[in-house]
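Below, each chain spelled out in residue letters.
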Amino acid sequence: MPDMSSSAALAMTHLVPLAEVDENKVTPGVLGFIVFAVMALAVWGLMKSMSKQMNKVDFKEAPDPKEGSEAVPAEPKAKQG
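What you see is a predicted model; the values in this text were computed from it and never measured.

Student: Sorry, what's going on with the overall build of the chain here?
Tutor: Helices and strands together make up the secondary structure of the chain, namely 2 helices and 0 strands. Split into buried and exposed, the 81 residues of the chain put 0% on the buried side. Accessible surface, the chain as shown: approximately 8600 Å² in total, 66% of it carbon and sulfur.

Take a look at the structure:
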C-alpha cells in the first residue's frame, strides 16, 4: 500500500496559498446587499400576510354543550292549557 502522507502533505502545501485571504479586501459587495435586501423583503411580505391571516381568526370559543346543559335548558317548556 503506498504511503499517502507524503502526497497529502504535498497537496496541502499547494492549497495553503489559496486559503490565505486578505481580510481587509473581502467585502460582501453588491451581490451580498441584493441577497440581503431580497431576504428582508420576503420576510416583510410573509409577516404582512401572516398578520392578515391572524386577523381573520375568531378566537371566541363556543360554549361546551355538555358542561352548560344543567344551567341552561335545551328546550323551553310548553305551557299546558
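Student: What is the right way to look at a nonpolar patch on the surface in this model?
Tutor: Where nonpolar side chains cluster on the molecular surface, the patch consists of V43, M47, M50, M54, V57 and F59 and spans about 620 Å² of accessible area. Owing to a relative accessible area of 46%, M50 belongs among the partly exposed residues under this scheme.

Analysis parameters
Residues numbered from 1 in each chain as written. Predicted model: local features only at pLDDT ≥ 70, side-chain atom pairs only at ≥ 80, totals over all residues. Heavy atoms only, no water. Helix = DSSP H or I, 4+ residues; strand = E, 2+ residues; numbered from the N terminus. Buried < 20%, exposed > 50% of the residue type's maximum accessible area, 1.4 Å probe, protein only. Areas by Shrake-Rupley, 256 points an atom, 1.4 Å probe, with all protein chains shown as cover. Patch = residues over 30% accessible without salt bridge, like charges linked within 9 Å, V, L, I, M, F, W, Y side chains within 5 Å. Salt bridge = Lys/Arg side-chain N within 4 Å of Asp/Glu carboxyl O.

From the geometry alone we can't say anything about function, so treat these as descriptive.
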